[in-house]
Amino acid sequence: MQQIRPDVKFFAIGMVLVTVASLIGFVMSYVMIFYIRSPIAMNYLRSVLVERVPNISQSQLNETLAEVISIARGLGYYLLGVSVVGLALGLALLAPRSMALNMNFGGASSASLAIGVILIIVGVMSIIDIIQLVLYIAAGAMVLHERTLIRRAEALAASQPAGGTNMTV
């Protein structure tokens, strides 16, 4: 007899990948939102602009710095939003994991499909950070792979006799 209950290790791997990606996103968004306005960052930006554009006036320099800061902060907030959504999806992985362990294969399969696809979409949305992009897409792939294993366990459970004794590990 084969084991019916699926091994849910890919959910755990997916949760770890999502958590790491979200933490990286939180750190990067913090840098982009708050650090960019620090005196150190401002002096660096000012020196780079003066070096690259030697005849820049003070008013043009101030306008350009303000635009650079607003764009960086906007991207930081965007990255923060993507990280929060990713972390929420990582926590949502507990639901299909629990369903799979309780032999609710249909619910686990549906939830895994939805969460896996959304994680891949979130990965594409985090295109400004290549590390997050890779981690979210890898997590989505892990969840979709776990869905395949759940579907196999569901088919195996359906082929077992109704009063089978091998319903647990």
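Everything numeric in this text was worked out from a predicted model, so none of it was measured.

Visitor: Pulling in residues and values, what's your account of the packing of aromatic side chains?
Guide: Pairs of aromatic rings are described using the distance from one ring centre to the other and the angle between the two planes. Under the criterion given, the structure shown has 1 aromatic pair. Measuring from centroid to centroid gives 5.4 Å for Y30 and F34, while their planes differ by 45 degrees, and the two rings are tilted.

Visitor: Help me get a handle on the nonpolar core, residues and values and all.
Guide: What tends to happen in soluble globular proteins is that the nonpolar side chains get buried as a cluster. By size, the foremost hydrophobic cluster in this structure holds 21 residues, and its most contacted members are F11, L93, L119, Y136 and I150. Considering each element in turn, this core owes the most residues, 6 residues, to helix α6 (residues 130–159). Apart from residues no more than four positions distant in its own chain, F11 is found in contact with L93, P96, R97, S112, V143, E146 and I150. If you look at the next biggest cluster of nonpolar residues, it comprises 9 residues, including M42, L49, I56 and L65.

Visitor: Lay out the environment of S22 in plain terms, naming residues and giving numbers.
Guide: Relative to the helices and strands, S22 is located in helix α1 (residues 9–33). Residues S22 and Y136, 114 residues apart in the sequence, show an inter-C-alpha distance of 8.8 Å. Apart from the residues within four sequence positions on either side, S22 is in contact with S83, G86, L87, Q132 and Y136. From its side chain, S22 meets the backbone oxygen of S83 in a polar contact 3.2 Å long.

Conventions and cut-offs
Residues numbered from 1 in each chain as written. Predicted model: local features only at pLDDT ≥ 70, side-chain atom pairs only at ≥ 80, totals over all residues. Heavy atoms only, no water. Phe/Tyr/Trp six-rings, centres within 6.5 Å; stacked < 30°, edge-to-face > 60°. Core = buried A, V, L, I, M, F, W, Y, C linked by side-chain atoms within 4.5 Å. Buried < 20%, exposed > 50% of the residue type's maximum accessible area, 1.4 Å probe, protein only. Helix = DSSP H or I, 4+ residues; strand = E, 2+ residues; numbered from the N terminus. Contact = heavy atoms within 4.5 Å. Polar contact = N/O pair within 3.5 Å; in protein donor to acceptor, adjacent residues only side chain to side chain.

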